[in-house]
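Residues per chain are reported as follows:
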Amino acid sequence: QVQLQESGPGLVKPSQTLSLTCTVSGGSITTGDYAWSWIRQPPGKGLEWMGVIRYDGSTYYTPSLKSRTSISRDTSKNEFSLQLSSVTPEDTAVYYCGRDPLAYGLGSNDYWGQGTQVTVSS
């Protein structure tokens, strides 16, 4: 059974970089047919897909966040990370990591982490 767990600071100051890590157990992030995703949900709003890193290390980002988003991985730790630069209070959200089966296209997550609240405030 695949399990994912987000970790990182819950409070980030405006203009700084938001950094989160997703630790994966029960499956390898380098195994084919899956991408590993970051999704967020601002308060009172719906889910927003941010981007993924595929099993081969390639990345894809939603256009609205592409200029500020970087997803990377550490295969030795079976982890992947999110960095969102130049944050503003509008980036306050619950952030989730997930597994994305490539057979169903990006955004069709079959496993999710529990989510972690990140607040952008000075």
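About the cut-offs
Residues numbered from 1 in each chain as written. Predicted model: local features only at pLDDT ≥ 70, side-chain atom pairs only at ≥ 80, totals over all residues. Heavy atoms only, no water. Helix = DSSP H or I, 4+ residues; strand = E, 2+ residues; numbered from the N terminus. Buried < 20%, exposed > 50% of the residue type's maximum accessible area, 1.4 Å probe, protein only. Contact = heavy atoms within 4.5 Å. Phe/Tyr/Trp six-rings, centres within 6.5 Å; stacked < 30°, edge-to-face > 60°. Lys NZ or Arg CZ within 6 Å of the ring centre and 35° of its normal.

A. Here's a closer look at the environment of Gly-51. Along the chain, Gly-51 falls in strand 5 (residues 48–54). A residue is classified by how much of its surface remains accessible, and Gly-51, at 0% relative accessible area, is buried. Gly-51 sits 22 residues away from Ile-29 along the chain, and the two C-alpha atoms are 15 Å apart. Filtering out sequence-adjacent residues up to four positions away, Gly-51 remains in contact with Trp-36, Ser-37, Trp-38, Tyr-60, Tyr-61 and Ile-71.

B. The arrangement of the packing of aromatic side chains in detail. Under the criterion given, the structure shown has 3 aromatic pairs. Taking the centre distance of 6.1 Å and the plane angle of 50° together, the rings of Trp-36 and Phe-80 count as tilted. With a gap of 44 residues between them, Trp-36 in strand 4 (residues 34–41) and Phe-80 in strand 8 (residues 79–84) connect regions that are remote in the sequence. Note on Phe-80: relative accessible area 1%, which makes it buried. One aromatic cluster is present, built from ring pairs that chain together Trp-36, Trp-38 and Phe-80. The residue whose ring lies beneath Arg-99 is Tyr-34, and the NZ or CZ to ring-centre distance is 3.7 Å.

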